[in-house]
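Structural overview for review
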Amino acid sequence: MPTHYQSLPDVAFGHHPDHGIVAANPKQLVSSAWMLARFDFHPVPDQPTLYALADQQRDGPGRTSRAVALLREAGYQVDVDAAYDPSLASRANSTRDRAPRTDPEVAFAEHPQLGIVAATSDHSSALGGQLILEEHGWRLDPNLDIYTLPVTADRTESVQKVASATVAMQRSGLQVAVHPRLAHDAAPRRAPAPTSAERLLPGQGATPSKSRNAAALAACPARSGLRDKAPTPAAAASGASGRPVDPRIAFSRNR
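Residues numbered from 1 in each chain as written. Predicted model: local features only at pLDDT ≥ 70, side-chain atom pairs only at ≥ 80, totals over all residues. Heavy atoms only, no water.

1. Details of the overall build of the protein
Scanning the protein from terminus to terminus reveals nine helices and 10 strands. In the protein, the proportion of contacts linking residues at least 24 apart, taken out of those at least 6 apart, comes to 57%. Total accessible area on the protein stands at roughly 15300 Å², and carbon and sulfur atoms take up 55% of it. (Helix = DSSP H or I, 4+ residues; strand = E, 2+ residues; numbered from the N terminus. Contact = heavy atoms within 4.5 Å. Areas by Shrake-Rupley, 256 points an atom, 1.4 Å probe, with all protein chains shown as cover.)

2. Considering the sheet that holds strand β3 (residues 41-44)
Taken in spatial order, the five strands of this open sheet run β3-β4-β2-β1-β5, and their pairing is mixed. The open sheet has two edge strands with one neighbour each: β3 and β5 (78-80). Ignoring which end each strand starts from, the neighbouring axes of this sheet average 30 degrees apart. Packing against the sheet, helix α2 (residues 30-38) makes contact with β1 (11-16), β2 (20-24), β3 and β4 (47-53), and its axis sits at approximately 50 degrees to β1. (Pairing = 2+ DSSP bridges. Axes fitted to C-alpha atoms, helices over the stretch in contact; angles between N-to-C directions.)

3. Here we look at the environment of R66
Looking at the element boundaries, R66 is found in helix α3 (residues 60-73). Within the structure, the side chain of R66 is placed 3.3 Å from the side chain of D59, a separation counted as a polar contact. (Polar contact = N/O pair within 3.5 Å; in protein donor to acceptor, adjacent residues only side chain to side chain.)

4. Here's the deal with the sheet that holds strand β7 (residues 115-120)
Pairing within the open sheet is mixed, and its five strands lie in the order β8-β9-β7-β6-β10. Only two strands of the sheet have a single partner each, and these edge strands are β8 (139-141) and β10 (176-178). Strand-to-strand twist in this sheet, taken as the mean axis angle between neighbours without regard to direction, amounts to 30 degrees. Taken together, the six bridges between strand β6 (residues 106-111) and β7 define a ladder with antiparallel strand orientation. If you follow E110 over to β7, its bridge partner there is I116. Contacts from helix α6 (residues 155-171) reach β6, β7 and β10 within the one sheet, and its direction differs from that of β6 by about 170 degrees.

5. Quick word on the nonpolar core
With 21 residues, the main nonpolar core has F108, L133, W138, V162, M169 and L182 as its most contacted residues. If you list the elements that add at least two residues to this core, you get β6, β7, α5 (127-135), α6, β10 and α7 (180-190). When residues of this core are assigned to their parent elements, the largest contribution, five residues, is made by α6. With 17 residues, the next largest nonpolar core counts I21, F41, A67 and Y84 among its residues. (Core = buried A, V, L, I, M, F, W, Y, C linked by side-chain atoms within 4.5 Å. Buried < 20%, exposed > 50% of the residue type's maximum accessible area, 1.4 Å probe, protein only.)

6. Section: the packing of aromatic side chains
Across all of its chains, the model carries two aromatic pairs by this definition. A centroid spacing of 5.4 Å and a plane angle of 70 degrees characterise the contact between F13 and F41, whose relative ring orientation is edge-to-face. Of this pair, F13 sits in strand β1 while F41 sits in strand β3; the two residues are 28 residues apart in sequence, bridging distant segments of the chain. Its relative accessible area of 4% is what places F13 among the buried residues. (Phe/Tyr/Trp six-rings, centres within 6.5 Å; stacked < 30°, edge-to-face > 60°.)

7. Remarks on the packing of α5 against α6
At a minimum axis separation of 10 Å, α5 and α6 run at an interaxial angle of 150 degrees. Taken together, the axes of α5 and α6 lie roughly antiparallel to each other. Judged by the sense of rotation from one axis to the other, the crossing of α5 with α6 is right-handed. Contacts between α5 and α6 involve G129, I132 and L133 on the former and, on the latter, A165, A168 and M169. Tallied by class, the residues present in the contact of α5 with α6 amount to five nonpolar, one polar and no charged. (Parallel < 35°, antiparallel > 145°, perpendicular 65-115°, else oblique. Left-handed = near helix turned anticlockwise from the far one by under 90°. Nonpolar A, V, L, I, M, F, W, Y, C, P; charged D, E, K, R; others polar.)

8. Topic: the environment of K161
Summarising the element assignment, K161 is placed in helix α6. Considered as a pair, K161 and G137 are 24 residues apart in the sequence and their alpha carbons are 8.0 Å apart. With sequence-adjacent residues up to four places away left out, K161 is seen in contact with H136, W138 and L149.

9. Remarks on the confidence of the model for the protein
Close inspection of predicted coordinates is inappropriate in any region flagged by low pLDDT. Overall, the prediction assigns the protein a mean pLDDT of 74, with 64% of residues at 70 or greater. Element-level mean pLDDT values for the protein span from 40 in helix α8 (residues 210-218) up to 95 in β3. Confidence over residues 191-242 falls short of pLDDT 50; this stretch has 63 contacts with residues more than four positions distant or in other chains. (pLDDT = per-residue confidence, 0-100.)

Here you go:
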């Protein structure tokens, strides 16, 4: 059974109300005292096991964390307050650096029989997307739980509605997912009108700006959540090329 002496750490770091950042050498090990001196910790008078960090205003917390890390690498048993623990700081930094995963509030895709359709998530933030869809002519099909356009709308008109609705949603801060082929067709319709400085001069070609096209495509990213669905025999007669996608699989909804 370990004794009280054996259960003590070799070195402990913390904050003292009078001396600021301090280190303790509870076992009064000569090697620990020598190491603390190398890290600029000096004995506190009348406190045989206590050491205070010198010049603490010069990145005191950072210097303490580095001392903790080096002592642990050297095999010392170290106790430390959370504020100076380098292992906790590295975990916090990795969490901050990791971009949060954001699911789209609205997804657009092309169905072999229904044409271009849209689906919304169950998040409360998707309510704005539902209103924008209705403003641009989509109506909710309660049986399929997706939004569809009138059967009279041809594909050109439907693609234009996708482009304008996507712009309106992104201006409202909504996340939008669009199937790659549909995004490619809608991107030129969403490109901003050229300014007077961008208009072509006589003799210039009519090739559009690559940067403007790239920005338009980037504004409407395809998400991996929209998977391809095998076309039914009726899809061949619909005249829509490419593999159709059912956007409902992008979301799970409570019926």
